[in-house]
Amino acid sequence: MKTTTELLSLLVLALLLSCQQEVSEESKTFDKQMKETIRIHDDVMPQMSKINSLITELEAQKTELEQAEEVDAERVELHENAIANLKDAHDLMMSWMKNFSDSFSRTEINSGLETTDKDSINAKLQLLDTQYASAEAMQKSIAEAIKNAQVVLSK
């Protein structure tokens with residue numbers, strides 16, 4: 001009788017172990033890439049308020065330049081370009097966030113993929129790679145726009 005119970009216990013244990021889903025390498029890659037993509041977003045997000053502040057400063061300075069007796073058209077143009085670059089960078093961030101949230105569910109962003117289908121995982125991974133590259137480009141654009149605006153303000 002003891003042997004039958006032991007055999008039944010081993011069978012149940014084997015069944016339970018076989019039902020556990022092992023996380024594929026692709027899923028692990030997806031999770032790692034998702035964390036890196038979110039890290040870029042989290043690094044850039046606080047810059048949005050800085051962008052808004054810089055726009056306000058540049059607009060005020062531009063108004064002063066335009067009201068001067070002798071208008072320095074070149075400096076006014078520098079301010080206009082810096083403002084446009086900051087607005088473009090801000091729009092790029094907003095657009096990226098919309099595209100990203102349209103591409104991935106909250107669950108995928110926060111907990112990873114629920115599917116075990118390799119084709120589906122690979123498709124999501126390709127999409128994430130594209131989003132990651134876009135996030136890097138957006139981060140660079142924002143950094144450059146901020147740096148340029150600070151240079152214009154310091155003149």
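Our subject is the structure listed above.
A few points about the packing of helix α2 (residues 25–44) against helix α4 (residues 73–103)
Right, on to step 1. Taken N-terminus to C-terminus, the directions of α2 and α4 make an angle of 150 degrees; their axes are 12 Å apart at the nearest point. Accordingly, the angle class assigned to the pair α2 and α4 is roughly antiparallel. By crossing handedness, the relation of α2 to α4 is classed as left-handed. Seen from α2, the contacting residues are M34, T37, I38, H41 and V44; seen from α4, they are M93, W96, M97 and F100.
Right, on to step 2. Residue composition of the contact of α2 with α4, grouped by class: seven nonpolar, two polar and no charged.

A few points about the environment of F100
Right, on to step 1. Tracing the backbone shows F100 in helix α4.
Right, on to step 2. Along the sequence, F100 and A135 sit 35 residues apart, while their C-alpha atoms lie 9.4 Å from each other.

Considering the nonpolar core
Right, on to step 1. Formed by 30 residues in total, the largest nonpolar core has its most connected members in F30, V44, I51, L58, L86, M138 and I142.
Right, on to step 2. Among the secondary structure elements, those contributing two or more residues to this core are α2, α3 (47–67), α4 and α6 (118–154).
Right, on to step 3. Here this core takes twelve residues from α6, the largest share from any one element.
Right, on to step 4. Contact partners of L86, with chain neighbours within four places excluded, come to I51, L54, I55, L58, A145, I146 and A149.

Details of the packing of α3 against α4
Right, on to step 1. Two elements in contact, α3 and α4, have axes separated by 9 Å at closest approach and are oriented at 160 degrees. Looking at the two axes, α3 sits roughly antiparallel to α4. As α3 runs across α4, the sense of the crossing is left-handed. Contact residues: M48, I51, N52, L54, I55, L58, E59, Q61, K62, L65 and E66 in α3; R75, V76, H79, E80, A82, I83, L86, K87, A89, H90, M93 and M94 in α4.

Criteria and cut-off values
- Residues numbered from 1 in each chain as written.
- Predicted model: local features only at pLDDT ≥ 70, side-chain atom pairs only at ≥ 80, totals over all residues.
- Heavy atoms only, no water.
- Axes fitted to C-alpha atoms, helices over the stretch in contact; angles between N-to-C directions.
- Helix = DSSP H or I, 4+ residues; strand = E, 2+ residues; numbered from the N terminus.
- Parallel < 35°, antiparallel > 145°, perpendicular 65-115°, else oblique.
- Left-handed = near helix turned anticlockwise from the far one by under 90°.
- Contact = heavy atoms within 4.5 Å.
- Nonpolar A, V, L, I, M, F, W, Y, C, P; charged D, E, K, R; others polar.
- Core = buried A, V, L, I, M, F, W, Y, C linked by side-chain atoms within 4.5 Å.
- Buried < 20%, exposed > 50% of the residue type's maximum accessible area, 1.4 Å probe, protein only.

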